[in-house]
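# Residue-level structural notes
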Amino acid sequence: MTQIGVFMKVLFKNAKILRLDFDEGLFDGDVVVNGNLIEFVGPKAPEDNYDKIIDVKGNILMPGFVDTHCHTAMTLLRGLKDDAQLNEWLFDNIIPTEAKLKPSDVYWGQKLGILEYLAAGITTIEEGYFYNEEIVKAMKESKLRGRIGFGPTTRDVGMSNMDYLKSQYEMIGDSDLIKPVCFIHAIYTTDDKSIMECVDFTAKHNIPRSIHLSETLKEVGDCTVEHNQKTPPQYLEDLGFFDRPALCYHCVHMDKDDLQILADYDASVSTCPSSNIKLASGIAPIYAMQNKGINVTIGTDGVASNNSLDMFKEMFLVATLSKVNIYNAEVVKAKEVLAMATINGAKALGFNSGEIKVGKLADIILIDINKPHFYPHSNLLSHLVYSAKSSDVYLTMVNGEVLYHNGEFLNENKELIYKKANEIRERLTK
Ligand SMILES: [Zn+2]
């Protein structure tokens, strides 16, 4: 353990500040963080007794990434099965291995993922896994921001589905750092009754909802056969799923009518391009979503299908795949993709973050642009999407606290986490 990165009042000076609401996108100035909030953004910060002054030296200060679709403890399954389509990958490889996971394994898998998020500038996640007590423990200990998914389970938990939902909701709680979301895995793994119970429970407690939706052609085809010609969004609409704020992961195979349902209910999409191309699921129609006014956000999905937690990689893929998908290089521009990875994600998850603005939560990352692939310093917004790598992240601040700085995790024991990850993986695949 090294020093803890807690500072009351921090001045970042001499920064290139990312502001997507400005035409230029970047401007030279200072940022002051007081407690967990951004207190000042402008050309020159006032003189004050700062607890810490960080000279950014003309590098980029931007909001931390909001990764809107994660199964973090799948870090333990990294590289478990390549070269398979989703159904074979999930049902023949991932689920049988996950059955061997103990609660404490999920804690260590979560911790490993948190290291990867922090080193890659990801300050907020949407989590969807199991053994939530361990996930919440790891998140609170590491001070990462996140919305934690809870939903129906097939495990024997010794209580009814409704009682289980209630106990999980109460255990997760609701704060600046951790919020609850009802996570229904998918329509092909959850029956009508369980979906209806989740819909009722979340309506009663004002809780948002998330689901994997129209990820593969098989999911869409099976749904139309089983549910009277309805596509997955039509089926969920009839069950009342969209009556509360919803976030839909993937949305690869959607026609105009499906997208219209999402638009009508103000649902957000989490697009996960690495996972979709690795499992050969397809390419999501991002430009069509934008034209419908849908809030598009970006997720990494779990490491077992990605295989890394790197929003720079995802941004590059969202921009380029969306262009080649409709053979039009003019669509889905760098600035729009940066918004998807930050402010759009914060909006979808209900956090007051995702922008470097006064009054916003201080989730800030520093990008080192003094590297060959950032020169010439001519079109830095483009470089952030098309040239940057997660290893360019120099500092990660979450909720006003520096958690990662110059390659070091300030309150994590990374050697222990690496050791546990290797031990657990060895046991899982023995
Ligand atoms: Zn997923």
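Quick notes on the rules
- Residues numbered from 1 in each chain as written.
- Predicted model: local features only at pLDDT ≥ 70, side-chain atom pairs only at ≥ 80, totals over all residues.
- Heavy atoms only, no water.
- Pairing = 2+ DSSP bridges.
- Helix = DSSP H or I, 4+ residues; strand = E, 2+ residues; numbered from the N terminus.
- Axes fitted to C-alpha atoms, helices over the stretch in contact; angles between N-to-C directions.
- Contact = heavy atoms within 4.5 Å.
- Donors = N, O, S within 2.8 Å, 3.2 Å for Na, K, Ca; no water.
- Buried < 20%, exposed > 50% of the residue type's maximum accessible area, 1.4 Å probe, protein only.
- Domains from an automatic or database assignment.
- Buried area = accessible area lost by both parts, 1.4 Å probe.
- Salt bridge = Lys/Arg side-chain N within 4 Å of Asp/Glu carboxyl O.
- Core = buried A, V, L, I, M, F, W, Y, C linked by side-chain atoms within 4.5 Å.
- Patch = residues over 30% accessible without salt bridge, like charges linked within 9 Å, V, L, I, M, F, W, Y side chains within 5 Å.
- Areas by Shrake-Rupley, 256 points an atom, 1.4 Å probe, with all protein chains shown as cover.
- Phe/Tyr/Trp six-rings, centres within 6.5 Å; stacked < 30°, edge-to-face > 60°.
- Lys NZ or Arg CZ within 6 Å of the ring centre and 35° of its normal.
- Expected span 1.5 Å × (residues − 1).
- Arc of directions from axis to C-beta.

### A look at the sheet that holds strand 10 (residues 209-213)
- The strand order 6-7-8-9-10-11-12-13 describes an open sheet built from 8 strands, whose pairing is parallel. Every interior strand has two partners, whereas the edge strands, strand 6 (65-70) and strand 13 (295-298), have only one. When strand polarity is set aside, the average angle formed by the axes of neighbouring strands in this sheet is 25 degrees.
- In this structure, strand 9 (residues 178-184) lies alongside strand 10, joined through 3 bridges in parallel fashion. If you follow Cys-182 over to strand 10, its bridge partner there is Arg-209.
- Seen against the sheet, helix 3 (residues 132-142) touches strand 7 (122-127), strand 8 (145-150) and strand 9 and runs at an angle of roughly 175 degrees to strand 8.

### Quick notes on the coordination of the zinc ion
- All of the protein donors around the zinc ion are His-69 (NE2), His-71 (NE2), His-212 (NE2) and Asp-301 (OD); their distances to the metal are 2.1 to 2.5 Å.
- Look at where the donors of the zinc ion fall in the sequence and you get H-x1-H-x140-H-x88-D. Of this pair, His-71 sits in the loop between strand 6 and helix 1 (86-98) while His-212 sits in strand 10; the two residues are 141 residues apart in sequence, bridging distant segments of the chain.
- Given a relative accessible area of 8%, His-71 falls into the buried group.

### Structural notes on the domain arrangement of the chain
- Here the chain is partitioned into domain 1 (9-63 + 359-409) and domain 2 (65-349).
- The straight-line distance from the C-alpha centre of domain 1 to that of domain 2 is 28 Å.
- The interface of domain 1 with domain 2 comprises 30 residues on the first partner and 29 residues on the second.
- When residues of domain 1 are sorted by the area they lose upon contact with domain 2, Leu-20, Val-385 and Tyr-386 head the list and together hold 27% of the total.
- Summed over the shared surface of domain 1 and domain 2, the result is 2 salt bridges.

### Considering the nonpolar core
- Core analysis: the biggest nonpolar cluster contains 107 residues, and Phe-242 and Ile-367 have the highest contact counts within it.
- For this core, the leading source of residues is helix 2 (residues 103-119), giving 8 residues.
- The residues that make up this core include at least three from each of domain 1 (9-63 + 359-409) and domain 2 (65-349).
- For Phe-242, the contacting residues outside a window of four places in its chain are Arg-209, Leu-213, Pro-233, Leu-236, Glu-237, Cys-248, Ile-261, Leu-262, Tyr-265 and Ala-267.

### Overview of the pattern of salt bridges
- Per the stated rule, a full pass over the model turns up 22 salt bridges.
- Taking the shortest distance from any N to any O, the salt bridge between Asp-363 and Arg-145 comes out at 2.8 Å. Remark: Arg-145 occurs in strand 8 and Asp-363 occurs in the loop between helix 13 (343-349) and strand 14 (364-367); sequence separation between them is 218 residues. No difference in accessibility class separates Asp-363 from Arg-145, as the two residues are buried.

### Structural notes on the environment of Thr-154
- Looking at the element boundaries, Thr-154 is found in the loop between strand 8 and helix 4 (161-172).
- Note on Thr-154: relative accessible area 81%, which makes it exposed.
- Sequence spacing of Thr-154 and Thr-190 is 36 residues, and the spatial spacing of their C-alpha atoms is 9.1 Å.

### Digging into a nonpolar patch on the surface
- The grouping of Phe-91, Ile-95 and Tyr-188 at the surface amounts to a nonpolar patch, some 240 Å² of accessible area in total.
- You can see Phe-91 is positioned in helix 1.

### Examining the pairing of strand 1 (residues 9-18)
- Across the 10 residues that make up strand 1, a large majority, 7, are buried.
- Judged from the 8 bridges that link them, strand 1 and strand 2 (residues 26-34) form a sheet pairing that is antiparallel. Bridging from a neighbouring strand, Val-10 pairs with Val-33 of strand 2.
- Note: strand 1 against strand 4 (residues 52-55), 4 bridges, orientation parallel. Paired with Phe-12 across the strands is Ile-54, a residue of strand 4.
- One ladder, built from 2 bridges, connects strand 1 with strand 5 (residues 60-63); its direction is parallel. Bridge pairing links Ile-17 to Leu-61 in strand 5.

### Points about the packing of aromatic side chains
- Counted according to the given criterion, the structure contains 14 aromatic pairs.
- For the ring pair Phe-241 and Phe-242, a centre distance of 5.2 Å and an interplane angle of 90 degrees mean the geometry is edge-to-face.
- Counting every residue linked through ring pairs, the aromatic cluster contains Tyr-129, Phe-130 and Tyr-131.
- Here the basic side chain of Lys-137 rests over the ring of Tyr-107, its NZ or CZ set 4.5 Å away from the ring centre.

### A few points about the pairing of strand 15 (residues 393-398)
- Among the 6 residues of strand 15, 5 are classified as buried, and the element is accordingly described as predominantly covered.
- Inspection of the sheet shows strand 14 paired to strand 15 by 4 bridges, in the antiparallel sense. Bridged to Ile-364 within strand 15 is Met-397.
- Looking at chain direction, strand 15 and strand 16 (residues 401-405) are connected through 4 bridges and run antiparallel. Paired with Met-397 across the bridge in strand 16 is Val-402.
- Between the antiparallel neighbours strand 15 and strand 16 lie 2 residues, among them Asn-399 with a positive phi of about 55 degrees.

### Examining helix 15 (residues 414-428)
- When the terminal C-alpha atoms of helix 15 are compared, their 21 Å separation across 15 residues agrees well with the 21 Å that a helix rising 1.5 Å per residue should span.
- Inspection of helix 15 places Ile-417, Ala-421, Ile-424 and Leu-428 among the buried residues, and these make up the whole buried set. Viewed end-on, helix 15 has its buried residues packed into an arc of 75 degrees, placing them on one side of the element. For helix 15, the exposed residues lying more than 90 degrees away from the buried face are Glu-415, Asn-422 and Glu-426.
- Considering only its buried residues, helix 15 is in contact with helix 1 and helix 2.

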